[in-house]
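# Overview (structure and organization)
Residue strings, one per chain:
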Amino acid sequence: LGGTFMEHLRYDEEGQILTASFADYLMPTATDFPAIRGKFMELALAPGNPLGVKGSGQAGAIAAPQTVMAAVRDALASAGVTEIDMPATPERVWLALQQAGSTR
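Here's what I pulled together on the structure shown here. All figures in this text were calculated on a predicted structure; none of them were measured in a lab. (Residues numbered from 1 in each chain as written. Predicted model: local features only at pLDDT ≥ 70, side-chain atom pairs only at ≥ 80, totals over all residues. Heavy atoms only, no water.)

Turning to the overall build of the chain, a few remarks are in order. The helix and strand inventory of the chain stands at 3 helices and 0 strands. Counting from the amino terminus, the chain carries its helices and strands in the arrangement α-α-α. The C-alpha radius of gyration of the chain comes to 18 Å, more than 25% above the 13 Å expected for a compact globule of 104 residues. Dimensions of the chain, computed from C-alpha atoms along their principal axes, come out at roughly 60 × 35 × 30 Å. Burial statistics for the chain: of 104 residues in total, 20% are counted as buried. Of the roughly 8300 Å² that the chain leaves accessible, carbon and sulfur atoms contribute 58%. Within the chain, the 11 negative side-chain charges are centred at a point lying 13 Å from the centre of the 7 positive side-chain charges. (Helix = DSSP H or I, 4+ residues; strand = E, 2+ residues; numbered from the N terminus. Rg over C-alpha atoms; globule rule 2.2 N^0.38 Å. Buried < 20%, exposed > 50% of the residue type's maximum accessible area, 1.4 Å probe, protein only. Areas by Shrake-Rupley, 256 points an atom, 1.4 Å probe, with all protein chains shown as cover. Lys, Arg positive; Asp, Glu negative; His and termini not counted. Charge placed at Lys NZ, Arg CZ, Asp CG, Glu CD.)

With 9 residues, the main nonpolar core is built from Val68, Met69, Val72, Leu76, Val81, Ile84, Ala88, Ala96 and Ala100. Listed by contribution, the elements that provide at least two residues to this core are helix 2 (64-77) and helix 3 (90-102). A per-element tally of this core places helix 2 first, with 4 residues. (Core = buried A, V, L, I, M, F, W, Y, C linked by side-chain atoms within 4.5 Å.)

That bond from Met86 to Pro87 is cis: its omega, -5°, falls within 30 degrees of zero. Topologically, Pro87 is positioned in the loop between helix 2 and helix 3.

Below, the discussion takes up helix 2. Turn by turn, an α-helix covers 3.6 residues, leaving residues three or four places apart pointing in a common direction. The end-to-end C-alpha separation of helix 2 is 20 Å, in line with the 20 Å expected for 14 residues at 1.5 Å each. At its buried positions, helix 2 is contacted by helix 1 (2-5) and helix 3. (Expected span 1.5 Å × (residues − 1). Contact = heavy atoms within 4.5 Å.)

Here we come to the side chain of Thr19. You can see Thr19 is positioned in the loop between helix 1 and helix 2. Take Thr19: its relative accessible area is 7%, and that puts it in the buried class. One polar contact links the side chain of Thr19 to the main-chain amide nitrogen of Arg10, over a distance of 3.0 Å. Setting aside residues no more than four positions away along its own chain, Thr19 makes contact with His8, Leu9, Arg10, Asp24 and Tyr25. (Polar contact = N/O pair within 3.5 Å; in protein donor to acceptor, adjacent residues only side chain to side chain.)

Let's shift gears to the packing of aromatic side chains. Per the stated rule, a full pass over the model turns up 1 aromatic pair. Ring geometry for Phe5 and Phe33: centres 6.4 Å apart, planes at 45°, overall tilted. Of this pair, Phe5 sits in helix 1 while Phe33 sits in the loop between helix 1 and helix 2, and the two are 28 residues apart along the sequence. Given a relative accessible area of 23%, Phe33 falls into the partly exposed group. (Phe/Tyr/Trp six-rings, centres within 6.5 Å; stacked < 30°, edge-to-face > 60°.)

Nothing here speaks to function; it is geometry throughout.
Take a look at the structure:
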C-alpha cells in the first residue's frame, strides 16, 4: 500500500533504484491506512514441519500494488480517468480528474 499510495519509487536509466532507503521516500505508518481486519482459517496443515504452518514470504504482497491501482482506476473511470501512475497520491488523483474533465 505504501508503494501504491505514497512512496515515489524512482529508478535510473539502467533500472537501478534511486530511492533505496527510508531517507529517500515517505514510509507509511499505521495511521495512514484504515484498520484492516484479517480472518484466519485453518484449511490444511503443512505436513513438513511440527507446527503445521506454511510460509508465505512476499508472495502475498506481489499483486497488491497492481490490484489496488486497478481499483483506483475503476473508481475514477466514471469521471473519464483511464490511466494514473503510481503512487496514487491525492495530488495525482486530482490532476487525473482535472485532465479527464478537460478532455470531455
